[in-house]
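Chain and residue survey
Residue-level listing of the chains:
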Amino acid sequence: MQLNRRRILLGGAALGTAGLVPRWTLAQGGPVLAGTEAIDRALRDAVERGDIPGVVAAVTDRDGTLYESVFGERGLGGGVPMSMDTVFYLASMTKPITATCAMQLVEQGKLELDAPISRYVPDARKLQVLDGWDEQGKPRLRAPRREVTLRDLNTHTSGFAYNLWDADLDRYMKETGFPSLESRKEEAFYPPLMFDPGERWEYGISIDWIGKLVATVSGQSLGNYMQDHVFAPLGMASTGYGLSPDMERRRATTHQRDEDGRLRATDWVSPQDPPIENGGGGLYSTAGDYQRFMRMILNGGSGEGRQVLKPETVEQMTRNNMGDIRVTLLKTTNPARSLDAEFFPGLPKSWGLSFMINEEDAPTGRPAGSLAWAGIQNTFFWIDPTGGMGGVYMTQILPFVDAKTLAGFGAFETAVYQAAS
């Protein structure tokens, strides 16, 4: 099975591929994209091997899309080919968009990065730290040494965790019946912190809390705020928490890899009546729409002729905001949803507001200082401010960092940088 459409773009115009050597419009002295055959091959091979049902992948520079390609089907055995307008569940690729909303409010003086979040949500004062278990196996809780700030939330140094990657929180939630955010219960925002704010890094519901702050301070729902202040200005017409009938028709199917390694299609879709608008995940989008967001970051906050963020805000968001603390391995508690997860093991990684930053050059060719993250259904992006470009790779497969899917993404990114060298 091979279903492929590809465009190479130069100066915004679609070109045929025969005899052409498209150039990336990067910084002065930047690389030439000498050919795309290896990029195509990396994507095609993953589909033809049966590693993934289908994929949409694209590369952008500051001016527009340079490369985009689709292979395979939206749903395993469904016969509907992937297309550039296929809609994907972004999951945690929502997080940088939520952070962007918060930083707009910081620019307006409505939020402060280093103020306690209880200034905006007074109930945040009741947050406590899980301090182990007593002789009867009951949780011990204590007050944190200081309150959580917006910067802590942005860098995942707040103490909040996800029970998917924290065995103590998973135990706490199961033994106490503590609700998840998917329950829509207000209580779900107040689990115990796993450590004192600022002590270390751990991935968790921090950005969901940022979404809560944005809604509280702006007086709008998070989805409406995003629509008015990010999606509409950037022309992201196929992005939102709710699936319009047209978006649903274009939606890719979620797949699950079984223990025997085989993929099966599922009927999963996020709640839609009404949608859950969590800052840490939940948006649907397309590769094209997400590139618009990436270009805004590459262009210092400007996109589609609109200034979404100030250049100095983008500079602040895209540098290390956690000091000497570094990103660590996420140890799964549920291998069906996620394997143990760490990008570029052994490579030091910090966090911005809110992007992962590789502090050294990555083996794929991604230079130090690049920004990245992913979604649990194996959607990935990276933004390379040094080269003035970025890439997005979208599938819909569980578990997260599934070995075959992750290998496909790595092969794609490596081929992109090799073509540009």
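All residue numbers here refer to positions counted from 1 along the written sequence of the relevant chain. Residues qualify for local features only when their pLDDT is at least 70, as the model is predicted, and side-chain atom pairs are given and counted only at 80 or more; totals for whole chains, interfaces and linings, by contrast, use all residues. The side-chain quantities take in all heavy atoms of the structure and omit both hydrogens and water.

With that settled, consider the overall build of the protein. Each helix and strand in the protein was counted, giving 10 helices and 18 strands. In this description the radius of gyration comes from C-alpha coordinates, and the expected globular size is given by 2.2 Å times residues to the power 0.38. Expected size for 421 residues packed as a compact globule is a radius of gyration near 22 Å; at 21 Å, the protein falls within 12% of this value. Taking the principal axes of the C-alpha coordinates as reference, the protein spans close to 70 × 50 × 45 Å. In the protein, which comprises 421 residues, the proportion classed as buried is 57%. Partitioning the intrachain contacts of the protein with sequence separation of at least 6 by distance along the chain shows that 68% fall at a separation of at least 24. Accessibility throughout is a Shrake-Rupley quantity obtained with a 1.4 Å probe, and a residue counts as covered only by protein chains that appear here. Counting only carbon and sulfur atoms, one obtains 48% of the accessible surface of the protein, whose full area is about 16,600 Å². When charges are counted, Lys and Arg contribute as positive and Asp and Glu as negative, whereas His and the chain ends are disregarded. Note that the charge is assigned to NZ on lysines, CZ on arginines, CG on aspartates and CD on glutamates. Distance between charge centres in the protein, computed from 43 positive and 52 negative side chains, equals 2 Å. Numbering of helices and strands runs from the N terminus, with a helix taken as a DSSP run of H or I at least four residues long and a strand as a DSSP run of E at least two residues long. The classification of residues rests on relative accessible area computed with a 1.4 Å probe and restricted to protein chains. Under 20% of the type maximum is buried, over 50% is exposed, and intermediate values are partly exposed. Any pair of residues with heavy atoms lying within 4.5 Å of one another is described as a contacting pair.

This next bit is on the confidence of the model for the protein. Confidence per residue, as judged by the predictor, is encoded in pLDDT with a range of 0 to 100. Per-residue confidence for the protein gives a mean pLDDT of 92, with 92% of residues at or over 70. Taken as a whole, residues 1-33 scores under 50 in pLDDT and shows 79 contacts with residues more than four places along the chain or in a different chain.

Before going further, it helps to spend a moment on the nonpolar core. Buried Ala, Val, Leu, Ile, Met, Phe, Trp, Tyr and Cys residues form a nonpolar core when they are joined through side-chain atoms within 4.5 Å. W209 and F412 are the most contacted members of the largest nonpolar core, which totals 118 residues. In this structure, F412 is in contact with I39, A42, L43, A57, A58, V59, Y67, W382, V392 and Y393, ignoring residues within four places of it in sequence. Counting residues in each nonpolar core, the second largest holds 9 residues, with A161, L169, M173 and M194 among its members.

What follows is about the sheet that holds strand β18 (residues 397-398). We treat two strands as partners when DSSP finds at least two bridges between them. Read across the sheet, 3 strands follow the order β9-β8-β18 without closing on themselves; strand pairing throughout is mixed. The two strands at the open ends of the sheet, each matched to only one other strand, are β9 (263-265) and β18. Across 2 bridges, strand β8 (residues 255-257) lies against β18 in parallel orientation. By the bridge assignment for β18, H255 is matched with I397.

Attention shifts here to the packing of helix α2 (residues 95-107) against helix α6 (residues 222-234). Note on definitions: angles span 0 to 180 degrees between N-to-C directions of axes, and those axes are lines fitted to C-alpha atoms, for helices only across the stretch in contact. Remark: α2 packs on α6, axes separated minimally by 10 Å, with the N-to-C direction vectors making an angle of 90°. Here α6 runs roughly perpendicular to α2, going by the angle between their axes. Note on element contacts: α6 touches α2 through Y225, M226, H229, V230 and F231, opposite I97, T98, T100, C101, Q104 and L105. Grouping the amino acids of the contact of α2 with α6 by side-chain chemistry returns 7 nonpolar, 4 polar and no charged. Here the angle decides the label: under 35 degrees means roughly parallel, over 145 means roughly antiparallel, 65 to 115 means roughly perpendicular, and every other value means oblique. Residue polarity follows a fixed list, in which Ala, Val, Leu, Ile, Met, Phe, Trp, Tyr, Cys and Pro are nonpolar, Asp, Glu, Lys and Arg are charged, and the others, Gly among them, are polar.

Attention now moves to the side chain of S270. With respect to the helices and strands, S270 occurs in the loop between β9 and β10 (284-285). Taking relative accessible area as the criterion, S270 reaches 8% and is therefore assigned buried. One polar contact links S270 to Y284, side chain to side chain, over a distance of 2.9 Å. What S270 contacts, discounting residues up to four positions off in sequence, is Y89 and Y284. Any pair of N or O atoms that falls within 3.5 Å is considered a polar contact. Within protein, one atom must be able to donate a hydrogen and the other to accept it, and sequence-neighbouring residues count only if both atoms are side-chain atoms.

To continue, consider the environment of D131. With respect to the secondary-structure elements, D131 resides in strand β6 (residues 129-133). Measuring from C-alpha to C-alpha, the distance between D131 and T176 comes to 15 Å, with 45 residues separating the pair along the chain.

Moving on: helix α5 (residues 206-218). Multiply 1.5 Å by the residue count of a helix minus one, and that product is the helix's expected span. Given a rise of 1.5 Å per residue, 13 residues ought to cover 18 Å, and the 18 Å separating the end C-alpha atoms of α5 matches this to within 8%. Those residues of α5 that are buried lie in contact with α2, α3 (150-155) and α6. The first or second residue beyond α5 is G219, which carries a positive phi of 80°.

Let us now look at the packing of aromatic side chains. Where two aromatic rings form a pair, the distance of their centres and the angle of their planes describe that pair. The rule is short: rings of Phe, Tyr and Trp, with Trp giving its six-membered ring, pair when the centres are within 6.5 Å, and they are stacked under 30 degrees, edge-to-face over 60, tilted in between. For the structure on display, the rule yields 27 aromatic pairs. Taking the centre distance of 5.3 Å and the plane angle of 70° together, the rings of Y162 and Y203 count as edge-to-face. Separated by 41 residues along the polypeptide, Y162 in the loop between α3 and α4 (167-176) and Y203 in the loop between α4 and α5 bring together distant segments of the chain. For Y162, a relative accessible area of 17% puts it in the buried group. What makes Y203 buried here is its relative accessible area of 2%. Summarising the aromatic geometry, the rings of Y393 and F412 are spaced 5.8 Å apart at their centres and angled 35° between planes, so their arrangement reads as tilted. Placement of Y393 in strand β17 (residues 389-394) and of F412 in helix α10 (residues 403-420) is noted, with a sequence separation of 19 residues between them. Note on F412: relative accessible area 0%, which makes it buried. For a lysine, the NZ atom is tested; for an arginine, the CZ atom; a charge sits over a ring if that atom is within 6 Å of the ring centre and within 35 degrees of the ring normal. The cationic tip of K126 hangs over the ring face of Y190; the distance from NZ or CZ to the ring centre is 4.3 Å.

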